[in-house]
Amino acid sequence: MNSEKPELLAPAGGMEALIAAVENGADAVYLGARAFSARGYASNFSNEELEEAIDYAHLRGVKVYVTVNTLLKDGEVESAFKLLCCLREIGVDAIIIQDLGLISLAEKYLPDLPLHASTQMTLHNSAGVEFVNKLGIERVVLSRESSLEDIKRIRENIKRIREKSRIEIEIFIHGALCISYSGQCLLSSLIGGRSGNRGYCAQPCRKKYRLYCEGKSIKTSGDYLLSPRDLNIISGLGALIEAGIESFKIEGRMKRPEYVAGVVRIYRRLIDRYIENPAGYAVSEEEQETLTQLFNRGFTQGYFFENPCGELMSRENPHNRGIPAGTVVGYDRSSDRIRVKLSRPLRLGDGIMVENAETRPEDKGKIISSMYTENGPVYSAGKGEIVELPFDSRAPSGGTVYRTHDKKLMESLKKESESGSLSPRIPVFVTATITSGRPVRLEIKDRDSNAVTIESEYLVEKAEKQPTSKAQIEKQLSKLGSTLFEAVEFHVSMEEDIFIPMGQLNDLRTKAIQQLEYLRISKWKRKPLQNLKFPEPEKKIGKREEKTAPENLPIHPSLSVSVYSLEGLGAALAGGADCIYFGEGLFRRQETAGKKDSSAKDLEDLDIIFEDAVLKTRATGRRIYFSTPKIAKDSEMKSVKKVLSLARKLEADGIVVSNLGTFNLAKTEKITFIADSPLNIFNSHTFSLLLQEGAQMAVISPELTLEELKGIASCGPAECIVHGRLELMESEHCLVGGLLGKDKGQCGAPCRSGNFTLVDEKNYEFPLILDYKCRMHLLNSRSLCMLEYVPAFLESGVSSLRIETLGMEDAEEIKRVTLAYRKAIDTYLETGKWGKERCENKGEGFTKGHYFRGVQ
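A short tour of the structure in this document, coming up. (Residues numbered from 1 in each chain as written. Predicted model: local features only at pLDDT ≥ 70, side-chain atom pairs only at ≥ 80, totals over all residues. Heavy atoms only, no water.)

This paragraph deals with the overall build of the protein chain. Looking only at helices and strands, the protein chain has 23 helices and 42 strands in total. The globule rule puts the C-alpha radius of gyration for 856 residues at 29 Å, and the 31 Å found for the protein chain is close to it. The principal-axis extents of the C-alpha atoms in the protein chain amount to approximately 110 × 75 × 50 Å. Looking at the protein chain residue by residue over its 856 residues, the buried ones come to 58%. Considering only contacts within the protein chain whose residues lie at least 6 apart along the sequence, 72% involve residues at least 24 apart. Measuring between centres, the 117 positive side-chain charges of the protein chain sit 1 Å from its 120 negative side-chain charges. (Helix = DSSP H or I, 4+ residues; strand = E, 2+ residues; numbered from the N terminus. Rg over C-alpha atoms; globule rule 2.2 N^0.38 Å. Buried < 20%, exposed > 50% of the residue type's maximum accessible area, 1.4 Å probe, protein only. Contact = heavy atoms within 4.5 Å. Lys, Arg positive; Asp, Glu negative; His and termini not counted. Charge placed at Lys NZ, Arg CZ, Asp CG, Glu CD.)

Set out below in structure tokens:
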């Protein structure tokens, strides 16, 4: 058994929430500055408030981690770096960080500033953890999709890392879930220009969608098909503690302070309870009900113990559903009141939501401002009573009334958290030395080895009448009632027959406590760094195509095409592609959909297919790289290593990597590789780091504008995606199987019945594709098309333009699109003029993505 107590890490969207977290037992809190925080809509903290918050927490023995966990544009990196310098000086315990470029700067220039890898970095395998550890990361927040077995495997594999440097694991245990792997979602970004990677997710996953198969509507239980339930692991807490995970994290920087107080308090009790008596661990009904009342969309244990399939989702209501409080037994149109038989108490100020009311879910909630029984208006009513409540929408009889806000509970949590009486006092050890004719010498020391020693200005006198007793001295020095401290042990060394005025002891005690408080805060501060100038990114000049352009025209870049079948490969080559990214086996074809794992025979078949692909490509004198999956857990690395082995055996030009684990593996195996866009290359510092770490070329994030990518492209070989349906998310949850499959573990492969799409409330259609592990990939409703802007890309200095064919089923379409871009490139290089090729000539429904509008 490994019953070491994990850290309880709580969210703080503002100072009130921080106080609530500390008072209710958090070991650490995480919070954001006003800029560069992944919760841009939270209140967050100014620089002055950050120092106040850090000092408040440190005085009470609580750590503070500040989130600087958004992707940074080139123009923002210096400001973010200066923020890190400020945070370092004011004593932050660690930075939760996402941007690889900022990580590289912090590791090099701020080596005494601890760094924690945000879940936005999509770390989900051992090789990825090892890679960021080498960059200076001391703790990783694993992807929420990691199972307990995944975590154990990672911990076991990184034991060898710990021989050289310590690396900790942090996981989310409670709160909201994302349907996509964090750091891999462009849904909010491409729909509305509000990027989740920049802290401004608009949560389109909480909107209504309809499911279609081959153009026909599929009836579903609920309309909120991308809305997950909330995470809650109280029943499985012991197993996670036994796994030795260092930090348990509660989500909720957008939640109110009372929520933070209640959730932290319960998890504090439960962790302590398990540590004290694992065999007797249990969760009370009151604790379960409180967590449910505070906020829930329904609860799930996520992926820790099994794939929850359809039980992951909250399809009928994407908002807080509270707890059942009664049943509608009637509706009075004349007074716009519903009659409710209560199963739980209600009082004025409580919030309610009525099931199946004729309103939108976001309008179903209501605060009770008046309530009536047969005896007239009442303030509260109990279980079994029938009450009338004003409600301006019809609610059918039999509908459940949920209490979504418990006024009494919230007021109690607020009052107790603000009282300052919840957290235990800090034990101190007091030593006093008292000798006649000398100053009183007082030492106060806490359990963290903070110690202060002071002497009085007053000189101890011989007693003329009544001497001061040892008991009087101890009593006076123990009067710490208004402070955070409690004297638990005294050592008083004194002569007999001495006299000390009580006022002198009071003053001495007060000064010593003030100095101890200052020491507990100031010891975390760091000295400012002298003469530190912001470093510019290093530039690496890489090779492009051997062909050279006419004078005053850019060097001829490569035209790359991502394909997923031999048919697509042939079409791309026929269309004039210079380079092929071959991804056979990554995604299901309709005829093989529903097979959960690649079998040994599948891997043997890959040998033949990949060899054929290489031979066909080499016959045309073109280059070929093998694509690898964006998500590859440790248990799936065998198939990734197989692709690397084939690349070496078949003498392919290299591989394309999409996660840091595969990046690290390719680097270690000395396989030539290209860093793909899921690595979120947003600035020149990230770009330069990846090239320095071995990437031959890096694909710039599609969230940047044409103007923004120019600076990055000047640093080395860069690629931009110019055509195709961009992937909006990758999810561990298979929506089709969750809705139409059988019981958990027995999907039934409904995905084989045809091509599926999601349709939003504006009737935009988003294709759904499943990969070889039945993960769901959601593609954009419109295909990116930058055909008429090819000259602008050439002038920007990029080394490669890329066509993405995921979602293109017709080989002729792949050939047609490739030919169009081939012609546009060649026309400009030969004439220096923009060609006449236009996207509208190729069909309807195209988008220019973010190349002109950018993201917030």
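Now, onward.
Take the nonpolar core next. Counting residues in hydrophobic clusters, the biggest one holds 213 residues, and the most contacted among them are L226, F626 and F793. No other element matches helix α10 (residues 257–276), which puts 10 residues into this core. Residue contacts for F793: discarding those within four places in its chain leaves L706, L709, C720, V722, M786, V798, L801 and Y851. (Core = buried A, V, L, I, M, F, W, Y, C linked by side-chain atoms within 4.5 Å.)

Per the stated rule, a full pass over the model turns up 12 aromatic pairs. With a centroid separation of 5.4 Å and an interplanar angle of 85 degrees, the aromatic rings of Y564 and F587 are classed as edge-to-face. In this pair, Y564 sits in the loop between β29 (558–563) and α15 (566–574) while F587 sits in the loop between β30 (579–582) and α16 (600–619), placing the two residues 23 residues apart along the sequence. Ring geometry for F610 and F626: centres 4.5 Å apart, planes at 85 degrees, overall edge-to-face. Placement of the pair is F610 in helix α16 and F626 in strand β31 (residues 623–627), with a sequence separation of 16 residues. (Phe/Tyr/Trp six-rings, centres within 6.5 Å; stacked < 30°, edge-to-face > 60°.)

Attention shifts here to the state of the cysteines. Should the sulfur atoms of two cysteines be covalently bonded, the bond is a disulfide. One pass over the full model with this rule turns up one disulfide. Among the cysteines around C185, which has no disulfide bond, C201 carries the closest sulfur, lying 6.1 Å off. No disulfide involves C720; its sulfur sits 13 Å from that of C715, the nearest cysteine. (Disulfide = S-S within 2.5 Å.)

So, about the side chain of S796. Looking at where S796 falls in the secondary structure, it is placed in helix α22 (residues 790–796). With a relative accessible area of 8%, S796 lands in the buried category.

Within the open sheet, the six strands sit side by side as β9-β8-β37-β38-β39-β36. Their pairing is antiparallel. Looking along the sheet, the strands with just one partner apiece sit at the ends: β9 (216–218) and β36 (727–731). In this sheet, neighbouring strand axes are inclined to one another by 30 degrees on average, regardless of whether the strands run parallel or antiparallel. Looking at chain direction, strand β37 (residues 756–760) and strand β38 (residues 765–770) are connected through four bridges and run antiparallel. (Pairing = 2+ DSSP bridges. Axes fitted to C-alpha atoms, helices over the stretch in contact; angles between N-to-C directions.)

Before going further, it helps to spend a moment on a negative patch on the surface. On the surface, E214, E809, D810 and E812 cluster together into a negatively charged patch. With respect to the helices and strands, the residue E809 is situated in the loop between β41 (800–804) and α23 (811–831). (Patch = residues over 30% accessible without salt bridge, like charges linked within 9 Å, V, L, I, M, F, W, Y side chains within 5 Å. Areas by Shrake-Rupley, 256 points an atom, 1.4 Å probe, with all protein chains shown as cover. Salt bridge = Lys/Arg side-chain N within 4 Å of Asp/Glu carboxyl O.)

All right, on to the sheet that holds strand β27 (residues 485–494) then. On the basis of which strands lie adjacent, the open sheet formed by four strands has the order β25-β24-β23-β27 and mixed pairing. Edge positions in the open sheet fall to β25 (451–459) and β27, since each of these has one partner strand only. Across the sheet, the mean angle separating the axes of adjacent strands is 20 degrees when strand polarity is ignored. Pairing of strand β23 (residues 426–434) with β27, which is carried by nine bridges, proceeds in the parallel orientation. Bridge assignment links I434 to a residue of β27, and that residue is M494. In the packing of helix α14 (residues 502–522) onto the sheet, contacts are made with β23, β24 (439–446), β25 and β27, and the angle to β25 comes to roughly 155 degrees.

Right, let's get into the environment of I426. With respect to the secondary-structure elements, I426 resides in strand β23. The class of I426 is buried, set by a relative accessible area of 13%. The contact partners of I426, leaving out residues within four places of it in the chain, are L59, R60, D446, L484, F485, E486 and R520.

Extensive coverage of strand β6 (residues 137–141) is indicated by the burial of four of its five residues. Where the polypeptide runs from strand β5 (residues 115–117) across helix α5 (residues 126–134) and back to β6, its parallel neighbour, the crossover connection is right-handed. Where β6 meets strand β7 (residues 168–175), three bridges bridge the pair, whose relative direction is parallel. Of the residues in β7, the one forming a bridge with R139 is E168. (Right-handed = clockwise from strand over helix to strand, strands pointing away.)

Helical periodicity: at 3.6 residues per turn, an α-helix aligns residues three or four positions apart in one direction. Between the first and last C-alpha of helix α17 (residues 637–649) there are 18 Å, a value that for 13 residues agrees with the 18 Å anticipated at 1.5 Å per step. Along α17, the residues classified as buried are M637, S639, V640, V643, L644, L646 and A647. E651 sits one or two residues past α17 and shows a positive phi near 55 degrees. (Expected span 1.5 Å × (residues − 1).)

Looking now at the pattern of salt bridges. Considering all chains together, one arrives at 54 salt bridges under this definition. Residue R166 is joined to E246 by a salt bridge in which the shortest nitrogen-to-oxygen separation is 3.9 Å. On the criterion of sequence distance, the pair formed by R166 in the loop between α7 (159–162) and β7 and E246 in the loop between α9 (237–242) and β11 (247–250) is long-range, its members being 80 residues apart. For E246, a relative accessible area of 13% translates into the label buried. Salt-bridge contacts for R802 lead to D676; the nearest nitrogen and oxygen are separated by 2.7 Å. With a gap of 126 residues between them, R802 in strand β41 and D676 in the loop between β33 (673–675) and α19 (684–692) connect regions that are remote in the sequence. Its relative accessible area of 6% is what places D676 among the buried residues. If you follow the salt bridges from partner to partner, you end up with E7, R139, R155, R166, E168, E170, E246 and K249 in one network.

Right, let's talk about α19 for a bit. Among the nine residues in α19, eight count as buried, and that is most of the element. Those residues of α19 not exposed but buried are S684, H685, T686, F687, S688, L689, L690 and L691. Sitting at the head of α19, N683 places a side-chain oxygen 3.1 Å from the backbone nitrogen of H685. One or two positions beyond α19, positive phi appears at G694, with a value near 120 degrees. (Polar contact = N/O pair within 3.5 Å; in protein donor to acceptor, adjacent residues only side chain to side chain.)

Relative orientation of the contacting elements α17 and helix α18 (residues 660–669) amounts to 40 degrees, with a least axis distance of 11 Å. Classed by the angle they form, the pair α17 and α18 counts as oblique. Crossing angle aside, the handedness with which α17 passes α18 is right-handed. Contact with α17, carried on its side by M637, V640, K641, L644 and R648, involves G661, T662, L665, A666 and E669 of α18 and no other residues of that element. Looking at the contact of α17 with α18, its residues break down into five nonpolar, two polar and three charged. (Parallel < 35°, antiparallel > 145°, perpendicular 65-115°, else oblique. Left-handed = near helix turned anticlockwise from the far one by under 90°. Nonpolar A, V, L, I, M, F, W, Y, C, P; charged D, E, K, R; others polar.)

Attention now moves to the environment of V378. Along the chain, the position of V378 falls in the loop between β19 (376–377) and β20 (380–381). For the pair V378 and R347, spaced 31 residues apart in sequence, the C-alpha separation works out to 8.3 Å. Not counting chain neighbours up to four residues away, the residues in contact with V378 comprise L348, M371, Y372 and T373.

Take the environment of P557 next. With respect to the helices, strands and loops of the structure, P557 is situated in the loop between α14 and β29. Taking the C-alpha atoms as reference points, P557 and G797, separated by 240 residues in sequence, lie 8.4 Å from one another.

For the pair α10 and helix α11 (residues 285–294), interaxial distance at closest approach is 10 Å and the crossing angle is 150 degrees. On the basis of their axis angle, the class for α10 and α11 is roughly antiparallel. Where α10 crosses over α11, the handedness of that crossing is left-handed. Between α10 and α11, the residues in contact are E258, Y259, G262, V263, I266, Y267, R269, L270 and R273 and E287, T290, L291 and L294, respectively. Among the residues making up the contact of α10 with α11, the classes are represented as seven nonpolar, two polar and four charged.

By themselves, these are just geometric observations and shouldn't be taken as functional.
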